[in-house]
Amino acid sequence: MKKILTQTFKTPVGELILGAFENQLCLCDWKYRKMRKSIDSRIQAGLNAEFIEEDSPVFSQTKLQLQEYFDGKRKVFDLPLMLVGTPFQKQVWRALLEIPFGQTASYLELSQQLGNPDAIRAVASANGANAISIVIPCHRIIGSDGSLVGYAGGLEAKKKLLLLEGVKASSAKNQIQLF
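Because the structure is a prediction, the values reported are computed rather than measured.

The rules behind these values
- Residues numbered from 1 in each chain as written.
- Predicted model: local features only at pLDDT ≥ 70, side-chain atom pairs only at ≥ 80, totals over all residues.
- Heavy atoms only, no water.
- Pairing = 2+ DSSP bridges.
- Helix = DSSP H or I, 4+ residues; strand = E, 2+ residues; numbered from the N terminus.
- Axes fitted to C-alpha atoms, helices over the stretch in contact; angles between N-to-C directions.
- Contact = heavy atoms within 4.5 Å.
- Salt bridge = Lys/Arg side-chain N within 4 Å of Asp/Glu carboxyl O.
- Buried < 20%, exposed > 50% of the residue type's maximum accessible area, 1.4 Å probe, protein only.
- Parallel < 35°, antiparallel > 145°, perpendicular 65-115°, else oblique.
- Nonpolar A, V, L, I, M, F, W, Y, C, P; charged D, E, K, R; others polar.
- Core = buried A, V, L, I, M, F, W, Y, C linked by side-chain atoms within 4.5 Å.
- pLDDT = per-residue confidence, 0-100.
- Phe/Tyr/Trp six-rings, centres within 6.5 Å; stacked < 30°, edge-to-face > 60°.

> Please give an account of the sheet that holds strand 2 (residues 14–21) that cites residues and values.
An order of 3-2-1-4 is seen for the four strands of this open sheet, with the pairing classed as mixed. The open sheet terminates on both sides in strands that have one partner only, identified here as strand 3 (24–30) and strand 4 (49–53). Neighbouring strand axes in the sheet, compared pairwise and without regard to direction, differ in orientation by 30 degrees on average. Running over the sheet, helix 2 (residues 57–70) touches strand 1 (2–11), strand 2 and strand 3 and is turned about 25 degrees from strand 1.

> Residue-level account of the pattern of salt bridges, with values.
A complete count under the given rule lists seven salt bridges for this structure. Of the charged contacts, one joins R74 and E68 as a salt bridge, the two residues approaching to 2.8 Å between their closest N and O atoms. In this structure, E165 engages R140 in a salt bridge whose closest nitrogen and oxygen atoms are separated by 2.8 Å. You can see E165 sitting in the loop between helix 6 (155–164) and strand 7 (168–170) and its partner R140 sitting in the loop between helix 5 (120–128) and strand 6 (141–142), a full 25 residues away along the chain. The two residues E165 and R140 agree in class, both being buried. By sharing partners, the salt bridges in this structure join D29, R33, R36 and D40 into a single network.

> Hey, could you go over the packing of helix 3 (residues 87–96) against helix 5 for me, with residue numbers and the actual values?
Helix-helix packing: each pair is described by the crossing angle between the helix axes and the interaxial distance. Where helix 3 meets helix 5, the closest approach of the two axes is 9 Å, and the angle between their N-to-C directions is 80 degrees. Taken together, the axes of helix 3 and helix 5 are roughly perpendicular relative to one another. Residues F88, Q89, V92, W93 and L96 of helix 3 lie in contact with helix 5, whose contacting residues are A122, V123, A126 and N127. Class assignment for the residues of the contact of helix 3 with helix 5 results in seven nonpolar, two polar and no charged.

> So what's going on with the nonpolar core? Which residues, and what values?
Counting residues in hydrophobic clusters, the biggest one holds 51 residues, and the most contacted among them are I43, L47 and I134. Not counting chain neighbours up to four residues away, the residues in contact with I43 comprise I4, C26, L27, F51, V84 and A131.

> Break down the confidence of the model for the protein for me, citing the residues and quoting the values.
Per-residue pLDDT for the protein averages 91, and the proportion of residues at 70 or more is 94%. The low-confidence segment residues 170–179, where pLDDT is below 50, has 21 contacts with residues more than four positions distant or belonging to other chains.

> Would you mind going over the packing of aromatic side chains in detail, with residue names and values included?
All chains considered together, the criterion is met by four aromatic pairs. Plain terms: the ring middles of Y69 and F70 are 5.3 Å apart, the flat faces sit at 75 degrees to each other, and that makes the pair edge-to-face. F70 carries the same exposure label as Y69, and that label is buried. Geometrically, the ring pair formed by Y69 and F101 is edge-to-face, given 6.2 Å between the ring centres and 85 degrees between the ring planes. On the criterion of sequence distance, the pair formed by Y69 in helix 2 and F101 in the loop between helix 3 and strand 5 (105–106) is long-range, its members being 32 residues apart. What makes F101 partly exposed here is its relative accessible area of 22%. Following the ring pairs from residue to residue traces out a cluster consisting of Y69, F70, F77 and F101.

Following this line, the structure appears as structure tokens:
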């Protein structure tokens, strides 16, 4: 059976599980997220491979770029990615990559960008199934009213990532103020 190499990485906002398949990043996800088991199963089934804790050259690149991001020195990631999901999920994840550092979009805006404004729930579901957190910036998705909505890493992590990117959050309502 093929192997997905894995290892954990502690960041300032939580612990991630990194996964590499054929030297491409297929997993960079929150270790303690609610959907951990189903995400892992989807990736293993999609790649017909099993998780093995082992090092990969892509992990060094990933850790370096994440550290640069947390240090405020990187706004765009340049990593070889292996997206594992349905064609629709991959379409949503590619659209997430188009949201610039320091900016946010709502589920509605993302559905409109994809040409299907009625697909808000499907877009939200695909967003929640993203297994390459931070790099594929699902944290940049907010509610239409500017509220911080669900995030696999938790709302506190989401808030910290958005603040790191310069998006101001109002502590009174936990809502984003867009400038």
